[in-house]
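Notes for the structure review
Below, each chain spelled out in residue letters.
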Amino acid sequence: MMKYRHFASAGLDISLLGFGAMRLPTIGGDHAHIDEGEAIRMIRAAIDGGVNYVDTAYVYHGGMSEGVVGKALKDGYREKAYVATKLPYWAMQGPGEMEPALDLSLKRLDIDAIDFYLVHDISGDRWETVKQWGIFEFMARAKQQGKIRHIGFSCHGSSPDYFREVLDAYPWEFAQLQLNFLDKDTQAGVAGYEYAAGKGIPIIVMEPLKGGKLTDSLPESIRRRWDALGGGRTPAEWALRWAANLPGVLTILSGMSTMAQVEENVRVLSDADAGGLSAAELKALDDLAAEYNRLITYACTGCRYCLPCTSGIEIPQVMDFVNNWAMFAQNPKLKNEYRMFLETKASACVACGKCEAECPQHLPIAEAMKQAAGIFE
Ligand code: SF4
Ligand code: SF4
């Protein structure tokens, strides 16, 4: 039986596994062309397996994800699941576009109210936009109008301090963070999680499996360590159990692409409890994380001192891609993610050197941009 965690302030029980609808199966490798039939079967199978939280976003799959989730929730499934979607304010020209975007999300999902509405991806300078555009007021108004029920945000901010500032600025009901055993000190990390947990704000975990890269094409040295860990568990299972081990986690979103993943994730999170991992198991996962980190190319800490880049490149994100390329044995998924998620590509670098003068790690950033362009473009 699926495990559930209590969302006290909302009085809801939420399944420990949440369905992330950002990596649905596609046809012909075209991200915007979802294999609707299979995606609907998968979402419904997850709900039949006890999942009651489905997470999408206005922008996922080139705007197609919400519509597919809406179709999956027909035939009685809406009554069994809460829906989360997100406001992509950073893709808008001005605050006047927020309400039409919310209304379009409702229309695509074909529902009267969105259960969990998030300010999508607060990071870097976007925090200023959130404040200047009156997004808090907009969210409160939408809630009053009955269009949304619970207000939260997702955050890829660069540090625990950044996350704390956002968390303290508004009475958020929940927050969504990238959290996995490899990223304990990345972005808000475990310190951010602990801060939220201390305030009683539940955390929704995203990227528990590093976008699925943990589950395939492992470098040899890493594969040996996973095998030594034993227990008959896959890396995906260990990673899910690591996130489930944290009591302040409300639900763990997995962006599932195949029915096999749905089945495995449902199975694992039907049998995982907070505090379920032993000290020895946690230590073994820390050692594994250290081994992964030994493979990285650039010791970028994500501090962002190098920004803004003259050409508008999100330098820490590119560094992350280059490092992941080495850590995950040249996983081809990274090429898709680079194309999808990086607004200004690394080839825009003009080698001005401005960033390198600011980098406390003295990293050869221009060279890294060249390397990234060679790999991913
Ligand atoms: S060297 Fe390249 S990455 Fe660095 S600031 Fe200049 S254009 Fe941006
Ligand atoms: S300043 Fe250096 S260490 Fe910091 S984010 Fe930029 S590249 Fe990474």
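To keep things clear, this report deals only with the structure shown in the data block. Source: prediction; values computed, not measured.

The rules behind each value
- Residues numbered from 1 in each chain as written.
- Chains lettered and ligands numbered in written order.
- Predicted model: local features only at pLDDT ≥ 70, side-chain atom pairs only at ≥ 80, totals over all residues.
- Heavy atoms only, no water.
- Near = heavy atom within 4 Å.
- Nonpolar A, V, L, I, M, F, W, Y, C, P; charged D, E, K, R; others polar.
- 1 Å grid on protein atoms, 1.4 Å probe; cavity = no way out; pocket = protein on both sides within 12 Å on 5 of 7 lines; lining within 4 Å.
- Points joined across faces, edges and corners; volume = space filled by probe spheres on them.
- Helix = DSSP H or I, 4+ residues; strand = E, 2+ residues; numbered from the N terminus.
- Buried < 20%, exposed > 50% of the residue type's maximum accessible area, 1.4 Å probe, protein only.

Before going further, it helps to spend a moment on the site of ligand 2. Close to ligand 2 lie C300, T301, G302, C303, R304, Y305, C306, P316, C359, P360, Q361 and I365, which account for all nearby residues. Residues belonging to the shell around ligand 2 are distributed by class as follows: eight nonpolar, three polar and one charged.

Time to look at empty space enclosed by the protein. Tallied over the entire structure, the rule returns two cavities of 30 Å³ or more. If you add up the space inside the largest cavity, you get close to 100 Å³. Contributing to the lining of the largest cavity are 16 residues, with C309, I315, C349, C352 and C355 lying nearest its centre. If you list the elements that add at least two residues to the lining of the largest cavity, you get α15 (354-358) and α16 (365-376). For the lining of the largest cavity, the element with the highest residue contribution is α16, accounting for three residues. Looking at the second largest cavity, its volume works out to about 80 Å³. Taken together, 14 residues make up the lining of the second largest cavity; nearest its centre are C300, C303, C306, C359 and L363. Grouping the constituent residues of the lining of the second largest cavity by class yields ten nonpolar, three polar and one charged.

Time to look at unusual backbone geometry. With omega at 0°, the peptide bond leading from L307 into P308 counts as cis. Inspection of the secondary structure puts P308 in the loop between α12 (279-294) and α13 (315-327). Non-glycine residue D110 carries a positive phi angle of around 55°. Tracing the sequence through the fold places D110 in the loop between α4 (98-109) and β8 (114-122). D110 gets classed as partly exposed once you look at its relative accessible area, which sits at 49%. The phi torsion at A329 lies on the positive side, around 50°, for a residue other than glycine.

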